[in-house]
2 protein chains.
Amino acid sequence: MMVSIGIDVGGTGLKAGAVSERGEILSKVSCPTLPERGFEAVVADMARLAVRAAEEAGAAMEEVRSVGIGIPGVHDPARNLVVRCVNLYWKDVPLIDEMHRYLSVPVYVDNDATVAGLAESVAGASRGMHSSVLITLGTGIGSAIIIDGRIYAGAHGCGGEMGHIITHAGGILCSCGHRGCWERYASASGLIRLGQEIAKRNPDGVIARKSGGNPEAIDARMVLDSAKEGDPDAMQAFETYTEELAIGLSSIVVALDPEMIVLGGGVAGAGEFLLQAVRKKIAEYAIFPDMPLPRIELAITGNDAGIIGAAHLGR
Amino acid sequence: MMVSIGIDVGGTGLKAGAVSERGEILSKVSCPTLPERGFEAVVADMARLAVRAAEEAGAAMEEVRSVGIGIPGVHDPARNLVVRCVNLYWKDVPLIDEMHRYLSVPVYVDNDATVAGLAESVAGASRGMHSSVLITLGTGIGSAIIIDGRIYAGAHGCGGEMGHIITHAGGILCSCGHRGCWERYASASGLIRLGQEIAKRNPDGVIARKSGGNPEAIDARMVLDSAKEGDPDAMQAFETYTEELAIGLSSIVVALDPEMIVLGGGVAGAGEFLLQAVRKKIAEYAIFPDMPLPRIELAITGNDAGIIGAAHLGR
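Given the structure is predicted, the values throughout are model-derived calculations rather than measurements. (Residues numbered from 1 in each chain as written. Chains lettered and ligands numbered in written order. Predicted model: local features only at pLDDT ≥ 70, side-chain atom pairs only at ≥ 80, totals over all residues. Heavy atoms only, no water.)

Q: Explain the confidence of the model for chain A to me, using residue names and the numbers behind them.
A: Summing up the model confidence of chain A, the mean pLDDT is 95 and the portion of residues at 70 or higher is 100%. As scored by the predictor, the complex reaches a pTM of 0.92 and an ipTM of 0.91. (pLDDT = per-residue confidence, 0-100.)

This is the structure in structure tokens:
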């Protein structure tokens, strides 16, 4: 029985799993990342996890078709290097070569948001779609473009970084060094900032109270829950937030016209509440009123996305 | 000898040509559009032009592989209708069916910017590229995405409309009904607006003088030429303009990472002067400093783009 191994690399934990030809997860194993040990030690653990994942699925190493790795960073396929992986302190790391010290199977590497997009397209919301875009709403905005079931990564492997499209020229400074990137406004961080502004303006309000008066304690969930409960301040923040979200999504629609846009990441935990608001706003932003719009759905592969998507790299 | 016919539909003129398998134009014919006659009369002329273009190339109708049409509007491939063509007063026009009243060959229709992008990718600057994006800087901004030598038009055929990505949320009202679309800032119209502002601020300046004191007479050429000549006001307008251009282009780079971006349309007539400025700014906007950037080049197919590109539709 042939399997593929998917490895999900995070700043705190490594997860690996064997995935069948049909896309089912047959085993799951994990260990802490401990990136301060240096990349060689981390990669040795990744290789060990891959072997254990195969073993626990009852697959011999000869039955492992490939090992795929999703990283929180950028991989340059031309030079076979992980160019940057901030959480892991990696810069120009030869991840694939290092893995091949332990394993002789093909190894593929891609960005974690890209991998999650692939997972959704093979086993999630956008399964069977002509084209889809995954947007993960977390600390930043991750994204992936899937065309005909395959990742579209661009000519140099660094496309699909929609968090850095500029929606507010001259706006808030972004971690990338430029101003007005979409993720400054429409990520969980953008929503938190709106919540903090409200708590400052209205220190007796619901959000200020939930945070115990500490603006640093405000998280996206607090703002979303308060909005769901009908708090007018939070509802206003949510309205502004979904407007920001729609502004970037509408740029994706006019540029790519995908069959589906899938929303994932922490903010997507707001579920139907978010979905209804975004669908409404996207319709308002249509530039061709007579043409169909992309479907907007929530990601469903969740915690398994990293393993499933990574296992499908190179397929 | 097999040929394809390309038809370039404009608000004032119709042009058609026979194009060989190798992409050479073998004949060119044209006539006025006169759209006020109604679409049936215009389409009858288009069919006549197609027949004449074949005749003048010495090809029998049996040797015509296809007729492709580039329109200044939107075609819905699902319903086989031209949804909208403002210059021609067309709305929901069954262009392909109407052409088939006269011709029995396959007929393909697409947007003129898309067709121009295809022309560049088969016979122009982006020939042989993995992926390219054509941006035409005219009254608005037209665009086309070409992946693996084929137009990427999205799930419903309305992708590649990058003029309407929102770079200035809440900014200037656009003809599409939304605010802050890139084309309000980075099209020829955007440049003209900057020139008009200068002429207003400095009524004795070079631009005001060139326009004879009439702000309505200012065109993109006047501003570009004045900047080339070193007029400080015009140079400042040009600096602002290329910044606006780079803001949208950088969003295209992070989203699509194409191998090449081709600049066409009136403003691209500024040639190397524009190219050097845009290349410099695009490098400043890079979010991955270690990764290669798309090449930026000027469109070269010019007036023949519509015929060449349309003839390649469906190939």
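Past the structure itself, the notes keep going.
Q: Describe the environment of Leu134(A), and please don't skip the residues or the numbers.
A: Residue and element names in this part refer to chain A. Secondary-structure assignment places leucine 134 in strand E9 (residues 131–137). As a C-alpha pair, leucine 134 and asparagine 214 span 80 residues in sequence and 33 Å in three-dimensional space. The contact partners of leucine 134, leaving out residues within four places of it in the chain, are Ala113, Ala116, Gly117, Glu120, Gly142, Ser143, Ala144, Val262, Gly264 and Ala299. (Helix = DSSP H or I, 4+ residues; strand = E, 2+ residues; numbered from the N terminus. Contact = heavy atoms within 4.5 Å.)

Q: Break down the sheet that holds strand E10 (residues 141–147) of chain B for me, with residues and values.
A: Residues and elements named next belong to chain B. Ordered in space as E11-E10-E9-E12-E13, the five strands form an open sheet in which the pairing is mixed. Strands with a single pairing partner mark the edges of an open sheet, and in this sheet they are strand E11 (150–152) and strand E13 (295–298). When the angles between neighbouring strand axes are averaged without regard to direction, this sheet yields 30 degrees. Both strand E9 (residues 131–137) and E10 contribute to a ladder of seven bridges, which runs antiparallel. Residue pairing across strands places threonine 136 opposite glycine 142, the latter belonging to E10. Helix-sheet contacts for helix H8 (residues 232–256) involve E9, E10 and strand E12 (260–264), and the interaxial angle to E9 is about 155 degrees. (Pairing = 2+ DSSP bridges. Axes fitted to C-alpha atoms, helices over the stretch in contact; angles between N-to-C directions.)

Q: A description of the sheet that holds strand E1 (residues 3–9) of chain B should follow, citing residues and the corresponding values.
A: Residues and elements named next belong to chain B. Taken in spatial order, the five strands of this open sheet run E3-E2-E1-E4-E8, and their pairing is mixed. On the outer flanks of this sheet lie strand E3 (25–32) and strand E8 (107–111), each paired with one strand and no other. Direction aside, the axes of adjacent strands within the sheet are offset by 20 degrees on average. In this sheet, E8 lies alongside strand E4 (residues 64–71) in parallel orientation, the contact comprising five bridges. When the sheet's bridge partners are listed, valine 67 is paired in E8 with valine 107. Contacts from helix H1 (residues 39–56) reach E1, strand E2 (13–20), E3 and E4, with the element oriented near 150 degrees to E3. Of the strands in this sheet, E4 and E8 touch helix H3 (residues 112–123), which is tilted by about 105 degrees from E8.

Q: Which residues make up the side chain of Ser131(B), and what values go with them?
A: On the secondary structure map, Ser131(B) appears in strand E9. On the basis of relative accessibility, which here comes to 2%, the residue Ser131(B) falls in the buried class. (Buried < 20%, exposed > 50% of the residue type's maximum accessible area, 1.4 Å probe, protein only.)

Q: Outline the interface of chain B and chain A, supporting the account with residue identities and numerical values.
A: Tallying the contact residues gives 49 residues for chain B and 49 residues for chain A. Counting each side, the surface lost to burial between chain B and chain A is near 4,100 Å², with a carbon and sulfur contribution of 65%. Taken as a group, His156(B), Phe288(B) and Met291(B) account for 16% of the area that chain B buries against chain A, more than any other trio of residues on that side. Summed over the shared surface of chain B and chain A, the result is one salt bridge. Where Lys91(B) meets Asp290(A), a salt bridge forms, and the shortest distance between an N and an O atom there is 3.4 Å. (Buried area = accessible area lost by both parts, 1.4 Å probe. Salt bridge = Lys/Arg side-chain N within 4 Å of Asp/Glu carboxyl O.)

Q: Help me get a handle on the pairing of strand E7 (residues 90–93) of chain B, residues and values and all.
A: Along any regular strand, the residues point their side chains to alternate faces of the sheet. Residues and elements named next belong to chain B. Alignment of strand E6 (residues 81–85) against E7, held across three bridges, turns out to be antiparallel. Bridge assignment links cysteine 85 to a residue of E7, and that residue is tryptophan 90. The loop that links E6 with its antiparallel partner E7 comprises four residues; one of these, tyrosine 89, has a positive phi angle of about 60 degrees.

Q: Explain the pattern of salt bridges to me, and be specific about the residues and the numbers.
A: The full count for this structure, using the stated rule, is 38 salt bridges over all chains. With a closest N to O distance of 3.0 Å, Glu229(A) and Lys210(A) form a salt bridge. With Glu229(A) in the loop between helix H7 (220–228) and helix H8 (232–256) and Lys210(A) in helix H6 (residues 206–210), this pair connects stretches of sequence that are 19 residues apart. Note that Glu98(B) and Arg101(B) form a salt bridge whose closest N and O atoms lie 2.9 Å from each other. Owing to a relative accessible area of 8%, Glu98(B) belongs among the buried residues under this scheme.

Q: Can you explain helix H5 (residues 188–201) of chain B? Please cite residues and give values.
A: Residue and element names in this part refer to chain B. Helix length check: H5, at 14 residues, gives a terminal C-alpha distance of 20 Å against a target of 20 Å (1.5 Å per residue), a fit within 8%. For H5, the complete set of buried residues consists of Ala188, Gly190, Leu191, Leu194, Gly195, Ile198 and Ala199. Check the buried side of H5 and you find it contacts E9, helix H4 (183–186), helix H6 (206–210), helix H7 (220–228) and H8. Backbone nitrogen of serine 189 and a side-chain oxygen of the N-cap are separated by 3.2 Å at the start of H5; the cap is serine 187. (Expected span 1.5 Å × (residues − 1). Polar contact = N/O pair within 3.5 Å; in protein donor to acceptor, adjacent residues only side chain to side chain.)

Q: If you had to explain the relation of the copies chain B and chain A to someone new, which residues and values would you point to?
A: Rotating chain B by 180 degrees and translating it 0.0 Å along the rotation axis places it on chain A, where the RMSD comes to 0.0 Å. Expressed as an axis order, the relation between the two copies is that of a two-fold axis. A shared interface surface links the copies, since 100% of the contact residues of chain B are contact residues in chain A too. (Least-squares fit on C-alpha atoms with pLDDT ≥ 70 in both.)

Q: Break down the environment of Leu293(A) for me, with residues and values.
A: Counting through the fold element by element, Leu293(A) comes out in the loop between helix H9 (272–284) and strand E13 (295–298). In this structure, the C-alpha to C-alpha distance between Leu293(A) and Leu245(A), residues 48 residues apart in sequence, is 16 Å.

Q: Can you lay out the domain arrangement of chain A for me, pointing to particular residues and giving the numbers?
A: All names here are of chain A. Assigned domains of chain A: these are domain 1 (3–121 + 304–311) and domain 2 (127–299). Computed over C-alpha atoms, the centres of domain 1 and domain 2 are 28 Å apart. Carbon and sulfur atoms make up 63% of the area that domain 1 and domain 2 hide from each other, which totals about 1,000 Å². Where domain 1 touches domain 2, the interface holds zero salt bridges. When contributions to the side of domain 1 that touches domain 2 are tallied by element, the ones reaching two or more residues are strand E5 (74–76), strand E8 (107–111) and helix H3 (112–123). It is H3 that provides the largest number of residues to the side of domain 1 that touches domain 2, a total of seven residues. When the residues that make up the side of domain 1 that touches domain 2 are grouped by side-chain class, the tally is four nonpolar, five polar and three charged. (Domains from an automatic or database assignment. Nonpolar A, V, L, I, M, F, W, Y, C, P; charged D, E, K, R; others polar.)

Q: Which residues make up the packing of H7(A) against H8(A), and what values do they have?
A: Residue and element names in this part refer to chain A. Look at H7 against H8: their axes get within 7 Å of each other, and the N-to-C directions meet at 115 degrees. With respect to their mutual orientation, H7 and H8 come out roughly perpendicular. Classified by chirality, the crossing of H8 by H7 is left-handed. Contacts between H7 and H8 involve Val223, Leu224, Ser226 and Ala227 on the former and, on the latter, Ala234, Met235, Ala237 and Phe238. The residue inventory of the contact of H7 with H8, partitioned by class, reads seven nonpolar, one polar and no charged. (Parallel < 35°, antiparallel > 145°, perpendicular 65-115°, else oblique. Left-handed = near helix turned anticlockwise from the far one by under 90°.)

Q: Summarise the environment of Phe288(A); cite the residues concerned and give the values.
A: The residue Phe288(A) is located in the loop between H9 and E13 in this model. Spatially, the C-alpha atom of Phe288(A) lies 9.3 Å from that of Val254(A), the residues being 34 residues apart in sequence. Beyond its immediate chain neighbours, meaning those up to four positions away, Phe288(A) contacts Val74(B), Arg84(B), Cys158(B) and Glu161(B).

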